[in-house]
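Per-entry structural report
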Amino acid sequence: MEHILELKNISKSFRNTKALDGVSLTLYPGEIHALLGENGAGKSTVLNIISGTYLPDAGEMIYKGEKTTMESPMYARKKGIVMVHQELQLVPEMTVYENIFLADEIVNPITKFIDYKKMESKADELLKRVDADFKSCVSVKSLSIAQQQMVEIAKALHLNSDVMILDEPTSSLTDKEIEKLFVIMEKLRAEKKALLFVSHRMEEIFRIADRITIFRDGKFIDSMPAKGVGREELIYKLTGRKIQSVFNTESLKKPEGIALSVRNLKDAAGKIAGDGVSFDLYKGEILGFSGLVGSGRTETVRLIFGADKIRSGEIKINGNTVKIKSIRDSIKQGIALIPENRKLEGFVGTAKNMNNIGMCSYDRLKRGLLFDRDILKNAKEYMKKLHVKPEDPMKHTQNLSGGNQQKVVLAKWLCTGPKILIMDEPTRGVDIGAKEEIYKLMNDLTRQGVSIIMISSELPEILMMSNRIMVMFEGKMNAIINREDATEEKILNYAMGGTS
Amino acid sequence: GCGTQSEERKTGENTSSSGSKEASRDGDSIITGYTWMAENETDAMYYKDYEEKLGEVTKEMVPKDFSIGVVSMASSNDYWINLNQGVKERCQELGIEVAVEYVEGPTDYEQTLTNAETLYNAGYSAYIFSPENETCLEEITRKIVGEGYPVINAYCCEINDATCFIGSLDSETARMAADLAIELLDGKGTVAVAEGDVAAKLAQTRTNYFIDRIEKNSDIKVEEIPAQWNPTTARTMTTDLLTANPDVSFIWCNNDDLGLGVYEGLREANAIDDCYVVSMDGTKAGLSSVASGEVYATYWNNPKLIGRLSVDACVRAAVGQDIPRVVTTDVELVTKENVEDYLEK
Amino acid sequence: MMERKNYQAAASGQAIGIKKLLNNRLTGIVLVLICMIVVLSLATDSFLTPNNLLSIMNQASLKGILAIGMTFVIVGAGIDLSVGASMSICAMFLADFLVKYGFEKIWLAVLVCFLAGTACGLINGLLAAYLKLPEFLLTMGTMSIFRGFDYVYTNCQTIRGMDPRWINFWNAGIPWPAIFMMALAVAAWLVIKYTKYGRYVFAVGGNENASRLSGINTKKIKCVNYMVMGWCCALCAIVYVGRMSSAEAAAGDGFELTAIAAAAIGGASLAGGRGSIAGAVIGALILSVLSNGLTLLRVSSYYQTMFTGVIIVVAILIDRFTQKD
Amino acid sequence: MMERKNYQAAASGQAIGIKKLLNNRLTGIVLVLICMIVVLSLATDSFLTPNNLLSIMNQASLKGILAIGMTFVIVGAGIDLSVGASMSICAMFLADFLVKYGFEKIWLAVLVCFLAGTACGLINGLLAAYLKLPEFLLTMGTMSIFRGFDYVYTNCQTIRGMDPRWINFWNAGIPWPAIFMMALAVAAWLVIKYTKYGRYVFAVGGNENASRLSGINTKKIKCVNYMVMGWCCALCAIVYVGRMSSAEAAAGDGFELTAIAAAAIGGASLAGGRGSIAGAVIGALILSVLSNGLTLLRVSSYYQTMFTGVIIVVAILIDRFTQKD
Ligand SMILES: Nc1ncnc2c1ncn2[C@@H]1O[C@H](COP(=O)(O)OP(=O)(O)OP(=O)(O)O)[C@@H](O)[C@H]1O
Ligand SMILES: Nc1ncnc2c1ncn2[C@@H]1O[C@H](COP(=O)(O)OP(=O)(O)OP(=O)(O)O)[C@@H](O)[C@H]1O
Ligand SMILES: [Mg+2]
Ligand SMILES: [Mg+2]
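Quick notes on the rules
Residues numbered from 1 in each chain as written. Chains lettered and ligands numbered in written order. Predicted model: local features only at pLDDT ≥ 70, side-chain atom pairs only at ≥ 80, totals over all residues. Heavy atoms only, no water. UniProt positions renumbered as here; feature names shortened; annotations may be inferred. Helix = DSSP H or I, 4+ residues; strand = E, 2+ residues; numbered from the N terminus. Contact = heavy atoms within 4.5 Å. Donors = N, O, S within 2.8 Å, 3.2 Å for Na, K, Ca; no water. Near = heavy atom within 4 Å. Polar contact = N/O pair within 3.5 Å; in protein donor to acceptor, adjacent residues only side chain to side chain. Areas by Shrake-Rupley, 256 points an atom, 1.4 Å probe, with all protein chains shown as cover. Nonpolar A, V, L, I, M, F, W, Y, C, P; charged D, E, K, R; others polar. Domains from an automatic or database assignment. Buried < 20%, exposed > 50% of the residue type's maximum accessible area, 1.4 Å probe, protein only.

Looking at an unreviewed UniProt entry, one finds chain C named ABC transporter permease, with Brotonthovivens ammoniilytica as its source organism. Taken from UniProt, the Subcellular location (unreviewed entry) comment for chain C reads in full: "Cell membrane".

Written out as structure tokens, the structure is:
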């Protein structure tokens, strides 16, 4: 079969980082092609080159039989290449339909004026196609990340391009939405479109991909059909080492004492329904929060952390009732929150890694005055611990790859030495190797008596790591199950509002 | 004679001794060839003659419900406060209602016009206008005068259609300053002019007539300090200019505030003893710096009197007296010797 | 049962109407404007006269025209400090050509005026969009350059001596400035709301990177914003020369801040992505009513300066508290 | 072999040094400053004299002091247009107290001056940070309020009649203004670099939301930024009254733009999160050398306005192309 796109020996450097070193990639029509690699391997970079966001330093690209350089995103779109970026690229002040039809507005054929009605109805159709639960007339800034991701996908779908590139589209979706996305992808495959996508979740690769290409450290490693590849083999190719699956081995131990107790917690904005959320978090346990997108998990933990106003309810820490009015109060109580949207809430774009990591720990790091030396040392220590690549504390965080940014945010909170660690989608966009590192770290922490709340939309992760699992549904706590009793089906059932 | 020179020229007619109609430095490039006209006006009188001829304005003369609207320059300048003080005092004496509007920045012509329009809409019996640049009020003046209300142009720039211009002639003051410079420097050396806004008519008159006189009557070289009415800028530029040309030994400043700035600049350049600073307006700060021997001299034209005369002119015009186009007042040189007299006024 | 439901629906419909009104970004400033008008109508005799209202409209039009242009620039996440000077250049060319070539060749004068506006806008636009120079500094620089050019060209002489027909046109009692402003406002509103370019202005200002990745030529959009600003400067210059019957070299000094203030009072966010034409016009009206009112109320000039500030702060406070986000 | 390796290492070390230099944000503007100094030294006799250099330093200090304060505000993603008026209020109180209570009570005058600065900063800070008013408009409003207060308090009279000891202090040939500025610069640099507050200014300016979620009291930081600006206004007022031996009601008019320009030329980004104290000082120096140079070169006044703009644009162009991102 004739390929639609071929990359040969593409190289790309950013200042002093070599992001791509002579990589190659071939894409056929009617296939779903998975691009794999660790964080910082250069996946996003190569996708950005294909879609015209970056220009390559060297190498050539053959598209539909012709040698081409995609000089701009506009040009690439015209040629039939569309990309969903790893970081959400929407205009927050605009409505969903305006975003979906951005740069491709429907105009009245005679007056050339924009036809809002038509755009809205068409956008609603598209949203129905991806089975979204919101209307297209709402503004994007009022949506959760997952919903915004759906908008991105709808936006790419409507262009009906020959090549569709999806850079970690599933990282902020829950299983239900992912399945919907896969159905759509399969339909596109049947229409002979070429799909190129990135994911760090192995199950997804095996579920959907036809072929796999692997990058490591900016170099091409291998390309093969997905059928018949073993999980162990794939992971070895990805990381260049053997990775052992980490489990929460502490799970069998009986918990001793309650670290955090929440009763009837409700927020001022009214997102949390009924009598509010109530649960206990034991010392040294990992409590998994599961639920569908928009079920109010993030809302709940933000309340505990003091990021949003509490309307009513009681929070006890180590048995003492505490009043949490601000984030500083909760930090003083030893609570840390790793937010779900790292770019908007996690780190400061204009700052270097060392400052982002040290940000919450200046009180500890200062010796009368703050010295760069100490901040640097602190950052180096944690960057090493979490294998941040490149391990350069002087680099600006926004120039790291997505997964490495996540690690920097993790590092920032770990070095505050929290007693209660809340992680909202902590492994979003983190590669398999690093995921295991994070799991190991979580186990280490619980062993030291730290209690962890982990919100995750990845069921395997929840099942593997949690001692107990709390399932939320429409702003209410629906069930708490012990790990021994938990199965994927059970959790999903509770997450959809089932009662047993 | 550095003393009062007003006796020599009681009217505007015989003031053009230098014969300069074209006062600009570069006559050819003037687009419309506009020059300071008041001094060539034939229908002009010295204010004492005029008062003698027309008699005093009394309370009885004032029509019923007479009111005056005033549009004045720069609210932050003591000179205009004094002038309008005169207006207000006289109005009080005559029982006239008065509203005074200033513009904050001198170059805010649009605001000047806006103020005039607003006062016009509020309906006053007469108006006193003192704009920094006459053109912005020309149309509205024509309109008001056309409707039969008097518009008195109190000092500043001359408005074409105004009923009457009252005040000293800046062209004359500038020439007096030039003569003073020539006398003090013996016709040689270098002088500088600290200008207000280079684009403002008021500043141009004060600058150009000075330069013209100097160039025609002596070998003195002239330097510029484009200070934009800003004393801080004047200070900085004076120091810089003295660095570039230490020969400058006389600086003519477009107003007293600039004079104060220029003096501080000279202080930094260590040149206070080698350079005369002469300014105009006679504000409180200006006079006090003359008294303390800093600024050498300032020209004072009795702003309060101009204000009072303007009110009188409004009344005179309203009752149908035949007032001349231009009424000139005195300019007096204030130096350390006679400053005491002025500080009291 | 049915009735009760209907009643509820109606009530909730009403509630939604009010809510929508309260959520509308313009509600706050319209409230401010209405308050000012009511207070001034009660406190003075002369405020609510046709002549005065006409004057206010005319006075607001200079500010309004520039504020409309500024809205394009600000919504596109830029800023333009050179508008006063650009306006002055346009006014100078217009007046000069009118005087030199007479009223018959008025088309030529207007053409040159618009060319000058385009040139000024293009200089800013090219440097800001294509060379990515920081806009605040850049336009501060071009402000000086344009103003200097103005000085040199006019030799700092006021250009006067307009044809009487020109003067009569502007002084015949028809509020041409206000008409021009309203016409521009309608045109700008149509562009902003119903053309691709208009939507792109918001997109680029709201998220430049996302817009670029969506295939918008963000540089072109940014550049065009400045050109639109330039055309508004040209139109403003026509009104200016009409109102003043002359053009001074220092014309329009400080207009930039007024224009930015009017646009910002009208809800334009200097971070980009937010703003409206109606808001800009209302902002200009508020500033004009304010200055008119303070004069009519005979507030002493020192206090006028102070009150202007107080009203601006109060206006943004009201605006802040009539909408929550 | 060994030797060659060493050689290579040395060469690469050098290369890294140069690269680092080129990557430094300040390289571009230092280059601009050096170019200007070289050109002026060659073109004029008087530029490179100790007296002239001293004057430049003194002249730069007013701009520099304000630019340092402005750096805090701008790095924290704010802006302050009221600095000229705040400075004027401080100057007015200082001069008034010096004249009224004599040189003996100079501590009182300085204290009142700083209190005034704190008050101005606090008003801006509280409104901007705690009520979240848009800063450009807000400080435009407070600019009018402060200036009006100034007019009312002084009744527009210039305050003069300083004690001779005060005048002598400032005119004894010691460049106190420059010394004050340098002292402030060092202090500000220490604060920015070595204190928590300093780091937080950058964090809040770079991403306010993330900073808040990291437990930083972002409102307090923003408010303190304006207070720091207020103190810088007070210090600037001291230097101003020292240099002018008087205080006018209109003092400091337009200083806000100069201060913003100096800070921005020095690399402060108006979007927040970026900027440096050294940059602000260099920016102020560039502006002062520029104005000094144009006077020394006897550029005619019309062209001075133009050239100032040209140099600003050239400076940001050079700055833009000496660093890539
Ligand atoms: N704008 C940039 N400036 C500097 N370096 C960059 C930039 N973008 C990417 N890099 C660097 O290029 C390398 C590859 O990054 P890329 O984003 O392609 O990784 P990735 O494979 O997509 O990783 P992830 O799985 O974490 O998304 C990284 O080392 C990153 O630090
Ligand atoms: N900043 C916001 N503004 C308005 N609505 C929001 C905002 N953030 C979240 N929501 C809404 O609140 C609801 C609860 O969202 P929340 O983020 O708590 O859900 P979640 O269970 O954490 O799901 P997710 O998997 O998306 O994080 C969602 O329906 C979402 O649309
Ligand atoms: Mg990536
Ligand atoms: Mg969430």
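From this point on, the discussion continues.
**Quick word on the environment of Tyr-47 of chain B**
Residue and element names in this part refer to chain B. Within the secondary structure, Tyr-47 sits in helix H1 (residues 47-54). Spatially, the C-alpha atom of Tyr-47 lies 34 Å from that of Pro-226, the residues being 179 residues apart in sequence. Filtering out sequence-adjacent residues up to four positions away, Tyr-47 remains in contact with Leu-305, Leu-309, Val-327, Thr-328, Thr-329 and Asp-330.

**What about the coordination of the magnesium ion (ligand 4)?**
Protein coordination at the magnesium ion (ligand 4) comes from Thr-298 of chain A (OG1) and Glu-340 of chain A (OE), with a distance range of 1.8 to 2.5 Å. In this pair, Thr-298 of chain A sits in helix H9 (residues 297-305) while Glu-340 of chain A sits in the loop between strand S16 (335-338) and helix H11 (342-346), placing the two residues 42 residues apart along the sequence.

**Overview of the site of ligand 1**
All names here are of chain A. Within the structure, ligand 1 sits among 22 residues, and Lys-43, Ser-44, Thr-45, Ser-401 and Gly-403 are positioned closest to it. One of the side-chain nitrogen or oxygen atoms of Asn-39 is found 2.9 Å away from an oxygen atom of ligand 1. The separation between an oxygen atom of ligand 1 and a polar side-chain atom of Thr-45 is 2.5 Å. In the complex, 89% of the free accessible area of ligand 1, which totals 640 Å², lies under the protein chains. Among the secondary structure elements, those contributing two or more residues to the shell around ligand 1 are strand S2 (17-27), helix H1 (43-50) and helix H15 (402-414). Looking at the shell around ligand 1, the element that brings in the most residues is H1, giving three residues. The class makeup of the residues in the shell around ligand 1 is six nonpolar, 12 polar and four charged. Counting contributing residues per domain, the shell around ligand 1 is built from domain 1 (5-239) and domain 2 (284-309 + 325-495), each supplying no fewer than three.

**Overview of the coordination of the magnesium ion (ligand 3)**
Ideal geometry at a metal centre gives angles of 109.5 degrees when four donors are arranged tetrahedrally and 90 or 180 degrees when six donors are arranged octahedrally. All names here are of chain A. The protein atoms that coordinate the magnesium ion (ligand 3) are Ser-44 (OG) and Gln-86 (OE1), at distances spanning 1.9 to 2.1 Å. One end of the pair, Ser-44, is in helix H1; the other, Gln-86, is in the loop between strand S6 (81-84) and helix H3 (96-100), and 42 residues separate them in sequence. A relative accessible area of 14% places Gln-86 in the buried class.

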